[in-house]
Amino acid sequence: MTALSTDEILAGIRAWVEIESPTDDLAAMGRMADRVEAEYRTIGARVERIAGQDGFGDHLLVTEDRLCPAVAADRPGVLVLSHIDTVHPVGTLAGPLPFRIEGDRAYGPGTEDMKGGAYLALAALRQLARERKRTRLPVRHLLVSDEEVGSGTSRAHIEREAARARFVLVTEPARSGGKIVTARKGSAMFSVTAHGRPAHAGVEHHLGRSAIREIAHQVGVLEAMTDYARELTVNVGTISGGTRGNVVPDVATIQVDVRFPNPALCEEVVARVHALRPRDPDVRLEVHGGVNRPGYEKSPAIAALFEHARALAAEIGFKLQDLKTGGGSDGNFTAAIAPTLDGLGVDGDGGHTLEERLYISSIEPRTRLLMRLMETLG
Ligand SMILES: [Zn+2]
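Please read these numbers as outputs of a predicted model, since none were measured by experiment.

Cut-offs used in this document
- Residues numbered from 1 in each chain as written.
- Predicted model: local features only at pLDDT ≥ 70, side-chain atom pairs only at ≥ 80, totals over all residues.
- Helix = DSSP H or I, 4+ residues; strand = E, 2+ residues; numbered from the N terminus.
- Buried ≥ 20, exposed ≤ 12 C-beta atoms within 10 Å, placed from the backbone.
- Contact = placed C-beta atoms within 7 Å.
- Axes fitted to C-alpha atoms, helices over the stretch in contact; angles between N-to-C directions.
- Parallel < 35°, antiparallel > 145°, perpendicular 65-115°, else oblique.
- Left-handed = near helix turned anticlockwise from the far one by under 90°.
- Nonpolar A, V, L, I, M, F, W, Y, C, P; charged D, E, K, R; others polar.
- Core = buried A, V, L, I, M, F, W, Y, C linked by C-beta atoms within 7 Å.
- Domains from an automatic or database assignment.
- Pairing = 2+ DSSP bridges.
- Expected span 1.5 Å × (residues − 1).
- Arc of directions from axis to C-beta.

Let's talk about the overall build of the protein chain
Scanning the protein chain from terminus to terminus reveals 9 helices and 18 strands. Expressed along its principal axes, the backbone C-alpha trace of the protein chain runs to roughly 85 × 45 × 40 Å. Taken across its 378 residues, the protein chain has 45% of its residues classed as buried. Within the protein chain, counting contacts between residues at least 6 apart in sequence, those at least 24 apart form 77% of the total.

Shown next, in the form of structure tokens:
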């Protein structure tokens, strides 16, 4: 029997990192999906390739039911959820972020978010088979191609698989020194455009209706909705408008990011944004957008699942803690459908930056935790 090997797993992660796969590069995403599919077929799992849509790459659904032969393959199982796209364009590896190891750190595009975590799930299934261990439920691993842009083409597949899962394990990176995630804020995105009336700023200023003045007022109204006590934030992240300094501007637009902890606040804030009214009656406001990801709340079932994971981690020899984060993931889609633990991937830092790295010492304990979860959940 081959023992669990950090070196072997790190080499596997490196091979995945070296196939750069930004969400919007269809050819690159194809190469990445080919690699994952081939590797899973090598260890004998069933792989279904779900054709990409709207210019995005294919998703992969892996089924491993040989480890629970007594259970019908179509029974509700354990869903492991990963993504194979990254935010880094092709060329990052040859340029500012080559794969390299410095002490406990392995740097590279996607090492932390989340080639590392996705690979740990494969390594856990491979190791269970090598050790001839049994799982109590079939394990399905869904790897999607568009998480970094909001999972528009994978959401239906994620929700369908969550609906036939008893538990969901998401391999996003750990947070703040190894903590896993049991709650995430939901998010909504809006664009707000003011349509005023253009005029010559010197000759007929009084005939103009400034879209910039209106939108500046709305920035204040929106930002004032932020309420830290209720974990609600409203951020105006971009602003654009106007044409030249000597023209009263007729158009101005802002992009707004809203984060909320639960459905009630979500409904409240979405209604408030759609109810924005222009201060200047001659200016028209246009609001587009809405909820992107629903909130992920720590339900009693999620709390119980976390306690189970914490006991397993203690047996393995580490202390597992959880937290709530403002960042969204595909766990936001599954948490209301089946008890979900997130942040089960590698520990690391610098995701989405040129400092992205994983901590090599987290590979073994986190692979073992995934193995034990797959073995014991049922
Ligand atoms: Zn991620």
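Description of the packing of helix H7 (residues 300-316) against helix H9 (residues 363-376)
Describing two packed helices takes the angle between their axes plus the distance from one axis to the other. Two elements in contact, H7 and H9, have axes separated by 10 Å at closest approach and are oriented at 130°. When the axis of H7 is compared with that of H9, the two are oblique. Where H7 crosses over H9, the handedness of that crossing is right-handed. Where H7 abuts H9, its residues Ala309, Leu312, Ala313 and Ile316 lie against Pro365, Arg368, Leu369, Arg372, Leu373 and Thr376. Partitioned by chemical class, the residues of the contact of H7 with H9 number 7 nonpolar, 1 polar and 2 charged.

Focus on the environment of Ala118
Within the fold, Ala118 resides in helix H3 (residues 111-130). On the neighbour-count criterion, Ala118 (26 C-beta atoms within 10 Å) is buried. Between the alpha carbons of Ala118 and Gly44 there is a distance of 17 Å; along the sequence they are 74 residues apart. Each residue touching Ala118, except ones within four places of it in the same chain, is listed here: Ser82, Ile84, Leu143 and Thr171.

Details of the nonpolar core
Counting 71 residues, the largest nonpolar core has Val78, Ala124, Val168, Leu169, Leu370 and Met374 as the members making the most contacts within it. Looking at this core element by element, the count peaks at 10 residues for H3. In this structure, Met374 is in contact with Val78, Ala124, Leu128, Thr135 and Val139, ignoring residues within four places of it in sequence. With 17 residues, the next largest nonpolar core counts Phe190, Ala194, Val234 and Ala252 among its residues.

Considerations on the domain arrangement of the protein chain
Per the domain assignment, the segments of the protein chain are domain 1 (6-184 + 296-376) and domain 2 (186-293). Measuring from the centre of the C-alpha atoms in domain 1 to the corresponding centre in domain 2 gives 37 Å. Taken together, the contacts link 6 residues of domain 1 with 6 residues of domain 2. By residue class, the composition of the side of domain 1 that touches domain 2 is 1 nonpolar, 4 polar and 1 charged.

Topic: the pairing of strand S9 (residues 186-195)
Relative to strand S13 (residues 251-260), S9 is paired through 10 bridges, and the arrangement is antiparallel. Its bridge partner lying in S13, Phe190 is registered against Val256.

Thoughts on H7
The first and last C-alpha atoms of H7 sit 25 Å apart over 17 residues, in line with the 24 Å expected at 1.5 Å per residue. Regarding H7, the residues found buried are Ile302, Leu305, Ala309 and Ala313. Projected down its long axis, H7 shows its buried positions confined to an angular sector of 80°, all on one face. Away from its buried face by more than 90 degrees, H7 exposes Pro300, Ala304, Glu307, Ala311, Ala314 and Glu315. Elements that come into contact with the buried residues of H7 comprise strand S7 (165-170), strand S8 (180-184), strand S16 (340-341) and H9.

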